Amino acid sequence: VCEGRRGGSGGGSLGWEGRSEPNPTDIPGPGASRGAWARPCAVPQVDSHYCPSCLENMPSAEAKLKKNRCANCFDCPCCMHTLSTRATSIPAPLPDDPAKTTMKKAYYLACGFCRWTSRDVGMADKSVASGGWQEPENPHTQRINKLVEYYQQLAQKEKIERDRKKLVRRRNYMPLAFSDKYGLGTRLQRQRPGAPISALAGLSLKEGEDQKEIKIEPADAVEEVEPLPEDYYTRPINLTEVTTLHQRLLQPDFQPICASQLYPRHKHLLIKRSLRCRKCEHNLSKPEFNPTSIKFKIQLVAVNYIPEVRIMSIPNLRYMKESQVLLTLTNPVENITHVTLLECEEGDPDNINSTAKVAVPPKELILAGKDAAAEYDELAEPQDFQDDPDIIAFRKANKVGVFIKVTPQKEEGEVTVSFKMKHEFKNLAAPIRPSEEGDQISEVIWLTHHVELSLGPVLP
Amino acid sequence: MPLYEGLGSGGEKTAVVIDLGEAFTKCGFAGETGPRCIIPSEIKKPDVPKPIKVVQYNINTEELYSYLKEFIHMLYFRHLLVNPRDRRVVIIESVLCPSHFRDTLTRVLFKHFEVPSVLFAPSHLMSLLTLGINSAMVLDCGYKESLVLPIYEGIPILSCWGSLPLGGKAIHKELEYQLLEQCTVDTGLAKGQSLPSVMGSVPEDIVEDIKVRTCFVSDLQRGLKIQAAKFNIDGSAERPPPPPDVDYPLDGEKILHVVGPIRDSVVEILFEQDNEETSVATLILDSLIQCPIDTRKQLAENLVVIGGTAMLPGFLHRLMAEIRYLVEKPKYKEALATKTFRIHTPPAKPNCVAWLGGAIFGALQDILGSRSVSKEYYSQTGRIPDWCCLNNPPLEMMFDVGKAPPPLMKRAFSTEK
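Residues numbered from 1 in each chain as written. Chains lettered and ligands numbered in written order. Predicted model: local features only at pLDDT ≥ 70, side-chain atom pairs only at ≥ 80, totals over all residues. Heavy atoms only, no water.

## A closer look at unusual backbone geometry
This is how the line gets drawn: Secondary structure follows DSSP: runs of H or I at least 4 residues long count as helices, runs of E at least 2 residues long count as strands, and numbering of each begins at the N terminus. Whether a residue is buried, partly exposed or exposed follows from its accessible area with a 1.4 Å probe, protein chains only, as a fraction of its type maximum: under 20%, in between, or over 50%, in that order.
The phi dihedral of Leu55(A) is positive, around 50°, even though this residue is not glycine. Positive phi outside glycine occurs at Glu153(B), with the angle close to 50°. With respect to the helices, strands and loops of the structure, Glu153(B) is situated in the loop between strand 9 (146–152) and strand 10 (155–156). Looking at Glu153(B), the relative accessible area reads 12%, which means it is buried.

Have a look at this one:
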């Protein structure tokens, strides 16, 4: 986004109405959690997983297996800080000679922030630095897996029936009793009286159909619920031993009430996002694979294609007096770009804020291409563009200084001018299919942007 | 993890299961034993100091759309870490969810995130899947309200629903009121200052934490005595000895003294019968009376209680005692023949049971597709089926989308020509 404001703290705005392929968009970095407002036309996608503390990249298959958690790093269950592994030496008997003892290293986890240690919850010290600690298992896992298998079976039956219904064709020659017409159907489809109505619209076993069925014991309901222990009403609470709601919800499977049951969890991974255009599915931004690198593999950002407009100097602006403002236009691409500044027309819907009249140079301006080596190349011949000194104040490499005439129309307040900037855009991305006819590799597209500049207050 | 997960059975990726509650959202993958995350249903905007609740029913569509968009974006890219486009979605919802909210949520999912299909699953029905039973009386004690819905042979008996605004929200309101009225604060400068002089109101997350850590539900006898003392009809009732006070640190400097009586009396609002003689316990009995006679015994012996508020210590025991106590009262004694009540223990914490049911259903890849609303259906019709709209053709008809809905239905229920 171009900025044009005295003082340099972002006041110009650049809205663009050109249509081009692909759409350049301005994109915040993939780590920035800007949320979904970022661009409705660009779809974010998960690119790569990494652990925020050990900065290790994790392939997505492994991430799926590990439930998006790092294998090495742990989070403190009390304060969510990253746990560090500490080592102590404990005396341990030698395997050969039980009488003698030698110092062995024992490792435990500790939080540097809230002083929690793995010994607080009764986790034994491990003899290996990493890989020794396991998260506890959910005791209901087996039962839930059995339930899933059972319902899978019912679902399979429903699918078979549904597919069969689609394929069954009406047979006119069959006796009425065998046809579906009156809903009686075949023996298999008819429901026996007294049998349960099809539950969950079909998810129930019909008797005698399948020999190899997985049976499940429906859960047993109990008459009595355990009451609170007698001393619950009278015993004082130590709040440090009671977990907070936040701490409990970090462990959905267990949600322990006592702090002594709060086991640490592996650290949750973060992702890098890539952006894709909604319409043409073109990749707009793709970050590097390496978690420590903040560069991009693909970065199609507007800043790289649209000439930058900056304010260089503003004279004293007085009501109804025409003064000259010096702007600079900088060309971000490597080939010559032609820029035309146009005045906004009457009734332009984008032109809502301008409080001054502006006269822009009538002719087309030429901007030289950006040459990275230009500042080092002293022998380079300056390109001769035959600039009109009334319009062009100076020219340096890919930058040009341009005069615009501004007449404030309001006595007080900020002076804001708007105009249109039209420039050419060449899509230099390699086409999928190299065109064999002619040498027109990429077509030139003209884009027009609405530019608004805030020039500061009117002086009395 | 089951062996078939992700690899076999056609290679379809596991579905995403989201339970959007008004206070908390439970989110995870189908086929797993618990949600990946339980987070407050809020988003944080940079210029607004307080987080904004996502589940609001009275705001305009534009705002709701942007809140839901941002929240679901965070769910996918911060917690689930998967692409929305690849996986089907199961949304656990309450049957009382307003259609406007549902429609906006569907639009966000299909138009913005382009998910392949969405299934709206009622929470009460899903909780039965975690037990392997077909009939139960399900009570969901959540944040905004407690909602009861009986299910018989897998079909919700919609006409017998019942709800009361007695949930976490009501408890928080009562607790804040009691705290401001009765409690004192020790600040760094002075001791024993009244709470209103230090802070005008107590932030809800602090109230919630106080509730979770210090409050509990007394048993029936004790609870009735507390209520009698509160309403003090005779003037002679004395409340039972209160539990000990708790010193609750508000921050590094201030300590709030939570007086003992608050800890056991605030929760009584769930069981106090107000002028209409309704409480969380009567919800079950009133619903049972409305149910068909043949179903009552089975429903009464299969009670299921889900929801975060049901996790208060002592809640379930008190609920059963209240039901047995109330069933002897004249109002119910004649009407209900069945006197035995049994309650289930699902294989998950009460706040995750509905989610788990959705996760079990979401793992049924054979039928999940046919039961869900697909992106194509939505783009062609622009709406999702709702149980309260009779002019929607059933999903089975949508296999051949070109077919017109059966003329019989149209004539009977709609005024369209």
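Continuing now.
## Some details on the domain arrangement of chain B
Buried accessible area, meaning the area lost when the parts come together, often serves as the stated size of an interface. Residues and elements named next belong to chain B. Heads up, the rule is: By convention here, the domain bounds are inherited from an automatic or database domain assignment. Contacts are assigned to residue pairs with any non-hydrogen atoms lying within 4.5 Å of each other. Put simply, buried area is the surface a 1.4 Å probe can reach on two separate parts but cannot reach once they are joined, added for both. Any carboxyl oxygen of Asp or Glu within 4 Å of a side-chain nitrogen of Lys or Arg constitutes a salt bridge here. For this analysis, a polar contact is any N or O atom pair within 3.5 Å, provided that within protein one partner can donate a hydrogen and the other can accept it, and provided that sequence-adjacent residues contribute only side-chain to side-chain pairs. Here the nonpolar group is Ala, Val, Leu, Ile, Met, Phe, Trp, Tyr, Cys and Pro; Asp, Glu, Lys and Arg are the charged ones; every other residue, Gly included, is treated as polar.
Domain assignment breaks chain B into domain 1 (16–128 + 351–396), domain 2 (131–166 + 276–344) and domain 3 (168–269). Between domain 1 and domain 2, the C-alpha centre-to-centre distance is 27 Å. On the side of domain 2, 23 residues touch domain 1, which itself brings 16 residues to the contact. Summing both partners gives a buried area of about 1600 Å² for domain 1 against domain 2, and 74% of it is carried by carbon and sulfur. For the interface between domain 1 and domain 2, the tally reads 0 salt bridges. Along the contact surface separating domain 1 from domain 2 lie 3 residue pairs in polar contact (both at pLDDT 80 or more). The residue makeup of the side of domain 1 that touches domain 2, split by class, is 9 nonpolar, 5 polar and 2 charged.

## Quick notes on the nonpolar core
Residues and elements named next belong to chain B. Rules: What makes a nonpolar core is a set of buried Ala, Val, Leu, Ile, Met, Phe, Trp, Tyr and Cys residues whose side-chain atoms join them at distances within 4.5 Å.
One finds Leu139, Leu179, Leu256, Leu270, Phe315, Leu319 and Phe341 to be the most contacted residues of the largest nonpolar core, which totals 58 residues. Per-element accounting of this core gives the leading share, 6 residues, to helix 9 (residues 280–290). Residue contacts for Leu319: discarding those within four places in its chain leaves Leu139, Phe271, Val280, Ala281, Ile284 and Val305. Val16, Ile43, Phe113 and Tyr377 belong to the second-largest nonpolar core, a separate cluster that totals 48 residues.

## Brief notes about the interface of chain A and chain B
Between chain A and chain B, the residue contacts involve 70 residues of the former and 82 residues of the latter. The junction of chain A with chain B conceals about 6800 Å² of combined surface from both sides, 60% of it contributed by carbon and sulfur atoms. Here chain A and chain B share 7 salt bridges between them. Put simply, Arg324(B) and Glu223(A) hold a salt bridge, and the shortest N to O gap is 3.7 Å. Where chain A meets chain B, there are 21 residue pairs in polar contact (both at pLDDT 80 or more). The set of elements that each furnish at least two residues to the side of chain A that touches chain B consists of strand 2 (42–50), helix 1 (60–65), helix 2 (141–167), helix 3 (245–249) and strand 8 (270–277) of chain A. It is helix 2 of chain A that provides the largest number of residues to the side of chain A that touches chain B, a total of 13 residues. Classifying every residue of the side of chain A that touches chain B gives 35 nonpolar, 17 polar and 18 charged.

## Thoughts on the packing of helix 7 (residues 220–231) of chain B against helix 11 (residues 315–326) of chain B
Residue and element names in this part refer to chain B. Stated formally: With axes taken as lines fitted to C-alpha atoms, and helix axes fitted only over the stretch in contact, angles between N-to-C directions fall between 0 and 180 degrees. Between 65 and 115 degrees an angle is taken as roughly perpendicular, under 35 as roughly parallel, over 145 as roughly antiparallel, and anywhere else as oblique.
At a minimum axis distance of 9 Å, the contact between helix 7 and helix 11 shows a crossing angle of 75°. The orientation of helix 7 relative to helix 11 falls into the category roughly perpendicular. Contacts between helix 7 and helix 11 involve Leu220, Gly223, Leu224 and Gln227 from the former and Arg318, Ala321, Glu322 and Tyr325 from the latter. Looking at the contact of helix 7 with helix 11 residue by residue, the classes come out as 4 nonpolar, 2 polar and 2 charged.

## Describing the pairing of strand 8 of chain A
All names here are of chain A. To be explicit about the condition: By the convention used here, strands pair only if DSSP detects at least 2 bridges between them.
With 6 of 8 residues buried, strand 8 is to be regarded as a mostly interior element. Bridging between strand 2 and strand 8 involves 8 bridges; their strand directions are antiparallel. The partner of Val46 across the bridge, within strand 8, is Arg273. Examined bridge by bridge, strand 8 and strand 9 (residues 283–287) share 2 bridges and lie antiparallel to one another.

## Considerations on the pairing of strand 4 (residues 69–75) of chain A
Residue and element names in this part refer to chain A. For strand 4, a buried count of 5 out of 7 residues is recorded, marking the element as mostly surrounded by other parts of the structure. Pairing of strand 4 with strand 7 (residues 265–268) involves 3 bridges; the strand directions are antiparallel. Looking at the pairing, Arg69 lines up with His268 of strand 7.

## Remarks on the packing of helix 1 (residues 61–80) of chain B against helix 2 (residues 99–112) of chain B
Angle between the axes and distance between the axes are the two parameters that describe a pair of packed helices. Residues and elements named next belong to chain B. Quick reminder of the rule: Here is the rule for handedness: rotate from the far helix to the near one, and if that takes an anticlockwise turn smaller than a right angle the crossing is left-handed, while a clockwise turn gives right-handed.
Relative orientation of the contacting elements helix 1 and helix 2 amounts to 55°, with a least axis distance of 9 Å. When the axis of helix 1 is compared with that of helix 2, the two are oblique. Considering how the two elements wind past one another, helix 1 and helix 2 form a crossing that is right-handed. Together, Thr61, Leu64, Tyr65, Leu68, Lys69 and Ile72 of helix 1 and His100, Phe101, Thr104, Leu105, Arg107, Val108, Leu109, Lys111 and His112 of helix 2 make up the contact between the two elements. Of the residues that constitute the contact of helix 1 with helix 2, the class distribution is 8 nonpolar, 4 polar and 3 charged.

## Description of the pattern of salt bridges
In this structure the tally under the stated criterion is 33 salt bridges over all chains. Put simply, Lys66(A) and Glu62(A) hold a salt bridge, and the shortest N to O gap is 3.6 Å. The partly exposed category is assigned to Lys66(A), whose relative accessible area is 36%. With a relative accessible area of 31%, Glu62(A) lands in the partly exposed category. Where salt bridges share partners, they join Glu223(A), Glu224(A), Lys297(B), Glu301(B), Arg324(B) and Arg342(B) into one cluster.

## Quick look at the sheet that holds strand 1 (residues 16–20) of chain B
Residue and element names in this part refer to chain B. Spatial ordering of the open sheet is given by 3-2-1-6-7-17, a layout of 6 strands whose pairing is mixed. Edge positions in the sheet fall to strand 3 (37–40) and strand 17 (373–374), since each has one partner strand and no second. Across 4 bridges, the pairing between strand 1 and strand 6 (residues 89–93) is parallel. Opposite Val17, over in strand 6, you have Val90 as the bridge partner. Against the sheet, helix 1 engages strand 1, strand 2 (24–29), strand 3 and strand 6, with an angle of about 145° to strand 3.

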